[in-house]
Amino acid sequence: MSGSGAGEVRPLARPELSLVEAHINLDWAESGKHRARLDRQDQGEVLYFIAWRGATPSGHLLLEWGGADDEPISSRLLDCPNLEDLFVMPEFRSRGIGSMLLGAAITAAREAGYTQLGLGVAVDNPGAMRLYERKGFQDSGIGEYTTGGSYLDREGTVQTWQEICTYRIRLLSCAQPA
Ligand SMILES: CC(C)(COP(=O)(O)OP(=O)(O)OC[C@H]1O[C@@H](n2cnc3c(N)ncnc32)[C@H](O)[C@@H]1OP(=O)(O)O)[C@@H](O)C(=O)NCCC(=O)NCCS
């Protein structure tokens, strides 16, 4: 568990699931994602970090021990857990919560014995890019790649999305604090 004036971060516990579902629910198409991630956490595949302000969940970050699924990342990086879906509710942003979620993941990966930790970021997301730079994530050199997916919207229509990303790596052996 990690905490500061910005609140506290800890892996989601099952009794907290309904609170998280009630508060972090901006994305209708992904309404089942918190439960699915908690199930994966029970299987030992991930840690699903939730940030709290008192009793209110304010953001999340998924740490996948098995690394990235996307190519060209998965075949280029071995023993590199992957971070997914860093998100802070709009009303809680710019208070250090995103930094705190990243810090918790860095500490957990280091304590598990890994020497590196990675994440993909869209090239048109300069705010997230600045945050990752500050937390020590550097360009992997893999270059730009396209990722995408599809989902059903409220009307039942299939929507697709695509973004151009770069992959960044945080070395965990360096002296920089989490
Ligand atoms: C990216 C995101 C997670 C950042 O979360 P956050 O909680 O706002 O992150 P932080 O507060 O740690 O840092 C953000 C900014 O607040 C500033 N900040 C941090 N603590 C602060 C404080 N106590 N007071 C004022 N500003 C503060 C940081 O310096 C930073 O400034 P910058 O944007 O000029 O670089 C959030 O904006 C978000 O959810 N965006 C939508 C989803 C997204 O893009 N996720 C990334 C996918 S790769």
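What counts and what doesn't
Residue positions are given per chain, counted from 1 along the sequence in the order it is written. Where local features are concerned, this predicted model is filtered to residues with pLDDT of at least 70; where side-chain atom pairs are given and counted, the filter is 80 or more; whole-chain, interface and lining totals use all residues. For the side-chain quantities, the full set of heavy atoms in the structure was used; hydrogens and water were omitted. The way it works is that DSSP assigns letters per residue, a run of H or I at least four long becomes a helix, a run of E at least two long becomes a strand, and they are numbered from the N terminus. Radius of gyration here is computed from C-alpha atoms only, and the compact-globule reference equals 2.2 Å multiplied by the residue count raised to the power 0.38. Think of it in three bands: with a 1.4 Å probe and only protein chains considered, a residue is buried below 20% of the maximum accessible area for its type, exposed above 50%, and partly exposed in between. Should any heavy atoms of two residues lie within 4.5 Å, those residues are considered in contact. For every accessible area listed, the method is Shrake-Rupley and the probe measures 1.4 Å; residues are considered covered only by the protein chains on display. His residues and chain termini do not enter the charge count, which takes Lys and Arg as positive and Asp and Glu as negative. Where a charge sits is defined by one atom per residue type, namely NZ (Lys), CZ (Arg), CG (Asp) or CD (Glu). Definition used in this section: a nonpolar core is a set of buried Ala, Val, Leu, Ile, Met, Phe, Trp, Tyr and Cys residues joined via side-chain atoms within 4.5 Å. The nearness test applies per residue and asks whether one of its heavy atoms lies within 4 Å of the molecule or strand. N or O atoms within 3.5 Å of each other form a polar contact, as long as, within protein, one can give a hydrogen and the other can take it, and as long as residues adjacent in sequence are counted only when both atoms are side-chain atoms. Should a side-chain nitrogen of Lys or Arg be within 4 Å of a carboxyl oxygen of Asp or Glu, the pair is scored as a salt bridge.

Is there a simple way to think about the overall build of the chain in this case?
Helix and strand counts for the chain come out as 5 helices and 9 strands. Element order for the chain, N to C, with α for helix and β for strand: β-β-α-α-β-β-α-β-α-β-α-β-β-β. Scaling as 2.2 N^0.38, a compact globule of 178 residues should have a C-alpha radius of gyration of about 16 Å, and the chain matches this with 16 Å. Its C-alpha atoms give the chain principal-axis dimensions of about 40 × 40 × 35 Å. Taken across its 178 residues, the chain has 42% of its residues classed as buried. Counting contacts in the chain only where the partners sit at least 6 residues apart, residues at least 24 apart contribute 63% of the total. Within the structure as shown, the chain displays about 9400 Å² of accessible surface, and the carbon and sulfur contribution to it stands at 48%. In the chain, the 17 positive side-chain charges and the 24 negative ones have mean positions that sit 8 Å from each other.

Is there a simple way to explain the nonpolar core in this structure?
Generally speaking, a soluble globular protein has its nonpolar side chains buried in company with each other. Formed by 39 residues in total, the largest nonpolar core has its most connected members in Phe49, Leu83, Leu101, Leu102, Leu117 and Phe137. Going through the elements one at a time, helix H1 (17-23), strand S3 (46-53), strand S4 (56-64), strand S5 (82-88), helix H4 (97-111), strand S6 (116-122) and helix H5 (126-134) are the ones with two or more residues in this core. For this core, the leading source of residues is H4, giving 9 residues. Setting aside chain neighbours within four positions, we find Leu102 in contact with Leu61, Leu83, Leu86, Leu119, Leu131, Tyr132, Lys135 and Phe137. Within the second largest apolar cluster, 9 residues are counted, among which are Ala68, Leu77, Tyr167 and Ile169.

Please explain the site of the ligand as it appears in this structure.
If you check the shell around the ligand, you find 18 residues, and the closest are Val88, Ser94, Gly96, Ser99 and Asn125. Between the ligand and Ser94, the relevant distance is 2.8 Å, taken from an oxygen atom to a main-chain nitrogen or oxygen of the residue. Ser99 places a side-chain nitrogen or oxygen 2.5 Å from an oxygen atom of the ligand. Alone, the ligand offers 940 Å² of accessible surface; in the complex the protein occludes 63% of this. Contributions of two or more residues to the shell around the ligand are made by S5, H4, S6 and H5. In terms of residue count, H5 provides more of the shell around the ligand than any other element does, 5 residues in total.

Would you mind showing me how to read the pattern of salt bridges here?
Any two side chains of opposite charge can pair, so long as their charged atoms come close to each other. Within this structure, the stated rule accounts for 9 salt bridges. Put simply, Asp42 and Arg14 hold a salt bridge, and the shortest N to O gap is 2.7 Å. Placement of the pair is Asp42 in helix H2 (residues 33-42) and Arg14 in the loop between strand S2 (7-11) and H1, with a sequence separation of 28 residues. We classify Arg14 as partly exposed; its relative accessible area is 38%. Among the ionic pairs, Arg168 bridges to Glu133, the shortest N-O distance being 2.2 Å. Here Arg168 is found in strand S9 (residues 158-171), whereas its partner Glu133 is found in helix H5, with 35 residues between them in sequence. Salt bridges sharing common partners tie together Glu8, Arg10 and Glu16.

All quantities given are derived from atomic positions and should not be read as evidence of function.
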